[in-house]
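So the chains spell out like this:
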Amino acid sequence: MTEILVRATAEGVVPSQVRVVEQPAWAVLKDAVERIRPWQSKDGSIDFDAEGAPAAADAEAAVRGAIDAVTRLAPLLPHDAAYHAALVGDLRRWADDGFGVPDFLDSLLAFQPAAHRRDGLQHLVVFPMYTQNGNPDRNLEAVVLRMVWPDWLAELERTRYDNPLFCGITFEDFTSGYDTNSAVLFPETIAVREAPERFSWGGIFCDREAARFRRVTEAAVGILGLRLPDDVAALVHDQKRCEEAFVLWDMVHDRTHSHGDLPFDPFMIKQRQPFWMYGLEELRCDLTAFKEAVTLADEGVPQARDVQYAILFDRMFRFPVTGERVRNYDGLGGQLLFAYLHQHDVVRWTDNKLHIDWQRAPEVTNQLCADIEKLYKDGIDRPKLVHWFAGYELVATYLAPHPGSRWAKGPDALDLNQPPRKLVDDVLPDEFPLSMFYEALSKKLKNVIASTKGITADSAERIAA
């Protein structure tokens, strides 16, 4: 461990043009991690008695290779010296203890990317983890990333949207767990012996979000015959503009989970609630970002208008038709936004073409945000079950519930002698099915959405070329 610290201190900060992923040691590290991953069980351990398991000596050799590669790469990243030293210690201990359930708490606590939010700063990250919306198992993963922290964003965070834990990031390269739909790096996904009292960072890959948005939006616009204003059409074809829109959207969305007139614990951490409540919470955070973007656009912030279009299109075109229909709360939020705009004549489906009233869209979208905010403000005075029904009523005003829903029939259809968490069992997996519009759109977009698995800015540009 001290070897890493000595090298980093002696060699200082290497110029930013030196890319970690271009160093031979990165290929060695990536190969070592990819060899280890298939040997791991769901919890991250290696069962040497399982069929196809390696010899213990092979696993130890792979970990030694990973350690050596990290040691060679660490001097390129002196700001992460303490983390890389702890990482080597955690890898060695995992091997020395016989490759049981991994515990990387020491290196997790040492990794502090939010303390160094400098635009373009590279980080080399290795953890046993699951990747949200990607791999559910706690496999070892390695990823090289860059911080996205331009001056204009730093100023907005400092003066308007305090979010000291938020990290906008982009991919440089990654192992198989990120060759998926995952676009986040969250500390709570990492294998540790005990959860820290509080997490000190959270990263979102705005380049993947932007590339995915561009591909799906371009396809949806073509399928639906939607005519875009020139500036919006230019946005869809500009990766950098889209990344800037998403990093601003993400920063405001992230902080909104703990801001506003909220019922107790609105993010429902460690609670069991009907999935529409999660959908309303995520939509509230997105619509708050939309509302703030309207204000910022009036003040002349150039990225703010792009944020509005990114939220509208991603929510309306991608979210409703992505993923399974089982408790798909993000899909529900997208359906609700579309239906609300449609029933307020902002969105029209006429002559097999989609039309949007661009002038009224901000006002009506903010109106939906106000409706959800009122639900939340009133919620603190309600019992939990009454609040759930109020949320259901808001959604059902615009989306037709499943004909077989017990919740749609009201409280008399439920056994109210049970605790509220038990009544969640009466929620159908797809309580609010797709409309005919989205059923048709889903069939036309499914291959496009599938093609965005593992997408990065570079891969999107190669395909476009």
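Here goes a summary of the coordinates provided. (Residues numbered from 1 in each chain as written. Predicted model: local features only at pLDDT ≥ 70, side-chain atom pairs only at ≥ 80, totals over all residues. Heavy atoms only, no water.)

As a further point, take the overall build of the protein chain. Along its length, the protein chain carries 17 helices and seven strands. Its C-alpha atoms give the protein chain a radius of gyration of 24 Å, near enough to 23 Å, the size a compact globule of 465 residues would have. When its C-alpha atoms are laid out on the principal axes, the protein chain stretches across 65 × 55 × 40 Å. A separation of at least 24 residues holds for 73% of the contacts in the protein chain among residues at least 6 apart in sequence. In the structure as shown, the protein chain presents an accessible area of about 20,900 Å², 50% of it carried by carbon and sulfur atoms. (Helix = DSSP H or I, 4+ residues; strand = E, 2+ residues; numbered from the N terminus. Rg over C-alpha atoms; globule rule 2.2 N^0.38 Å. Contact = heavy atoms within 4.5 Å. Areas by Shrake-Rupley, 256 points an atom, 1.4 Å probe, with all protein chains shown as cover.)

Looking now at the sheet that holds strand β3 (residues 166-174). Spatial strand order, β1-β2-β3-β5-β4: five strands in an open sheet with mixed pairing. Taken across any chain shown, the strands that pair with only one partner, and hence form the sheet edges, are β1 (122-129) and β4 (184-185). Across four bridges, β3 lies against strand β5 (residues 202-205) in parallel orientation. Residue Gly-168 lies in a different strand from β5, and its bridge partner there is Ile-204. (Pairing = 2+ DSSP bridges.)

With that out of the way, let us pick up the packing of aromatic side chains. All told, the structure shown has 28 aromatic pairs when counted by the stated rule. The interplanar angle of 45° and the centroid separation of 5.4 Å between the aromatic rings of Tyr-83 and Phe-127 together place this pair among those described as tilted. Taken together, the residues span a long stretch of sequence, with Tyr-83 in helix α4 (residues 81-96) and Phe-127 in strand β1 at a distance of 44 residues. In this structure Tyr-83 comes out as buried when scored by relative accessible area, which is 1%. With relative accessibility at 0%, the residue Phe-127 sits in the buried group. Centroid distance Phe-171 to Tyr-178: 5.5 Å. Interplanar angle 65°. Geometry classified as edge-to-face. (Phe/Tyr/Trp six-rings, centres within 6.5 Å; stacked < 30°, edge-to-face > 60°. Buried < 20%, exposed > 50% of the residue type's maximum accessible area, 1.4 Å probe, protein only.)

Listed in full, the buried residues belonging to helix α6 (residues 151-159) are Leu-153, Leu-156 and Glu-157. Buried residues of α6, seen end-on, are gathered within an arc of 100° and therefore sit on one face of the element. Seen from the buried face of α6, the exposed residues on the opposite side, beyond 90 degrees, are Asp-151 and Arg-158. Looking at the buried positions of α6, the neighbouring elements they touch are β2 (139-148), α9 (239-256) and α10 (275-298). (Arc of directions from axis to C-beta.)

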